[in-house]
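Analysis of the macromolecular model
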Amino acid sequence: MEALLKRELGTSLLKRAGHSGGGCISEGQSYDTDTGRVFIKINHKNEARRMFDGEMASLEAILSTNTVKVPRPMKVVDLERSGALLIMEHVDMRILNKYSSKLGEQLANLHLHNRRQMEKQKKEMQTVGKGLEQSEVVNKFGFHVTTCCGYLPQVNDWQDDWVSFYAQQRLQHQLGMVEQSYGDREARELWAKLQLNLHQLFTGIEVVPALLHGDLWDGNVAECSDGPIIFDPASFYGHSEFELAIAGMFSGFGSSFYNTYHEKIPKTDGFAKRQQVYQLFHYLNHWNHFGDGYRGSSLRIMKDLTK
């Protein structure tokens, strides 16, 4: 692998820097090169290329908003036998602490970025007869490539309606995998009921497509010398409230984070119920990743929402 890395990076120096990491899905290692330190994510699964292509596109999309720091991606490289590498800049990080409030502000700015672009386009069209380039404004829900939450792919086909997108391409997709693996009759019956109630939870609110990190739990945030940083995204354009669901499951963020976030994006009626709907996706995703230890939580939420 080192010969491959030297070739792809165009470097004669390739020395492990002692900074390693990794989670449930991929390994990580920092290397010193002729042009500086880089961080390499390594995964040997056959699907690694798809996963890393989605992560790279997610990082690039977030970077383009200039709202919250993410590691700058460089390239995805296929391994010779199986799997792939994602090469990105190395960032010295520590546990999020003093920049928690700033992360809340910057995350809200990320979520508001597309809405602000829409408003800017509308204003420019009214004043000078032309707006922003079409590519700068997103009017639908989805993403231009497949992204993975964990190692499982997400269906990101563009849709006009958020509730339809979320029901079909998030919940139904996950429940389809549950059905295939476990044939769970109770989950099937509860989902049939929940589908009928889903639109009621969105009565009276406007959902504007927001660029999301997509998997923002406390293991995917940190801080560096100049502020907060987020990483390991599974991005798509969706409802900004979706972003807060997995953070709420694992209690990873303090009150200062939520206070500054909601100063910019206040809660609307039905927020708590919709958080349950959004947490359901993550419980189902954990069920499909790690087994039926997450069955109980998934069914409990569906029961609560169908009362």
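Residues numbered from 1 in each chain as written. Predicted model: local features only at pLDDT ≥ 70, side-chain atom pairs only at ≥ 80, totals over all residues. Heavy atoms only, no water.

If you look the chain up in an unreviewed UniProt entry, it shows as protein-ribulosamine 3-kinase from Triplophysa rosa. Here the chain is described in UniProt, under the heading Sequence similarities (unreviewed entry), as follows: "Belongs to the fructosamine kinase family." (UniProt positions renumbered as here; feature names shortened; annotations may be inferred.)

1. Quick look at helix 1 (residues 2-9)
Listed in full, the buried residues belonging to helix 1 are Leu4, Leu5 and Leu9. Taken down its axis, helix 1 places every buried residue within 115° of arc, on the same side. Structural note: helix 1 exposes Ala3 and Arg7 on the side pointing more than 90 degrees away from its buried face. After helix 1 finishes, the residue glycine 10 shows a positive phi value of roughly 60°. (Buried < 20%, exposed > 50% of the residue type's maximum accessible area, 1.4 Å probe, protein only. Helix = DSSP H or I, 4+ residues; strand = E, 2+ residues; numbered from the N terminus. Arc of directions from axis to C-beta.)

2. Examining the nonpolar core
By size, the foremost hydrophobic cluster in this structure holds 63 residues, and its most contacted members are Leu103, Trp162, Tyr166, Leu171, Phe253, Tyr278 and Met302. Residues Leu5, Ile42, Val77 and Leu85 belong to the second largest nonpolar core, which totals twelve residues. (Core = buried A, V, L, I, M, F, W, Y, C linked by side-chain atoms within 4.5 Å.)

3. Concerning the packing of helix 4 (residues 162-182) against helix 8 (residues 271-290)
The geometry of helix 4 relative to helix 8 is characterised by a closest axis approach of 10 Å and an angle of 30° between their N-to-C directions. When the interaxial angle is binned, helix 4 and helix 8 end up roughly parallel. Crossing geometry of helix 4 relative to helix 8 is assigned as left-handed. Residues Trp162, Tyr166, Arg170, Leu171, Gln174, Leu175, Met177, Val178 and Tyr182 of helix 4 lie in contact with helix 8, whose contacting residues are Val277, Tyr278, Leu280, Phe281, Leu284, Asn285, Trp287 and Asn288. The residue inventory of the contact of helix 4 with helix 8, partitioned by class, reads 13 nonpolar, three polar and one charged. (Axes fitted to C-alpha atoms, helices over the stretch in contact; angles between N-to-C directions. Parallel < 35°, antiparallel > 145°, perpendicular 65-115°, else oblique. Left-handed = near helix turned anticlockwise from the far one by under 90°. Contact = heavy atoms within 4.5 Å. Nonpolar A, V, L, I, M, F, W, Y, C, P; charged D, E, K, R; others polar.)

4. Regarding the pairing of strand 10 (residues 227-230)
In the sheet, strand 9 (residues 221-224) pairs with strand 10 via four bridges, with the strands oriented antiparallel. Bridge pairing links cysteine 224 to glycine 227 in strand 10. Hairpin connection between strand 9 and strand 10: a loop of two residues separates the two successive antiparallel strands. (Pairing = 2+ DSSP bridges.)

5. Some thoughts on the packing of helix 4 against helix 5 (residues 185-197)
Contact pair helix 4 / helix 5: the axes reach a minimum separation of 11 Å and the direction vectors enclose 165°. With respect to each other, helix 4 and helix 5 are oriented roughly antiparallel. Classified by chirality, the crossing of helix 5 by helix 4 is left-handed. On helix 5, the residues touching Ala167, Leu171, Gln172, Leu175 and Glu179 of helix 4 are Ala187, Arg188, Trp191 and Gln195. Taken together, the residues of the contact of helix 4 with helix 5 sort by class into five nonpolar, two polar and two charged.

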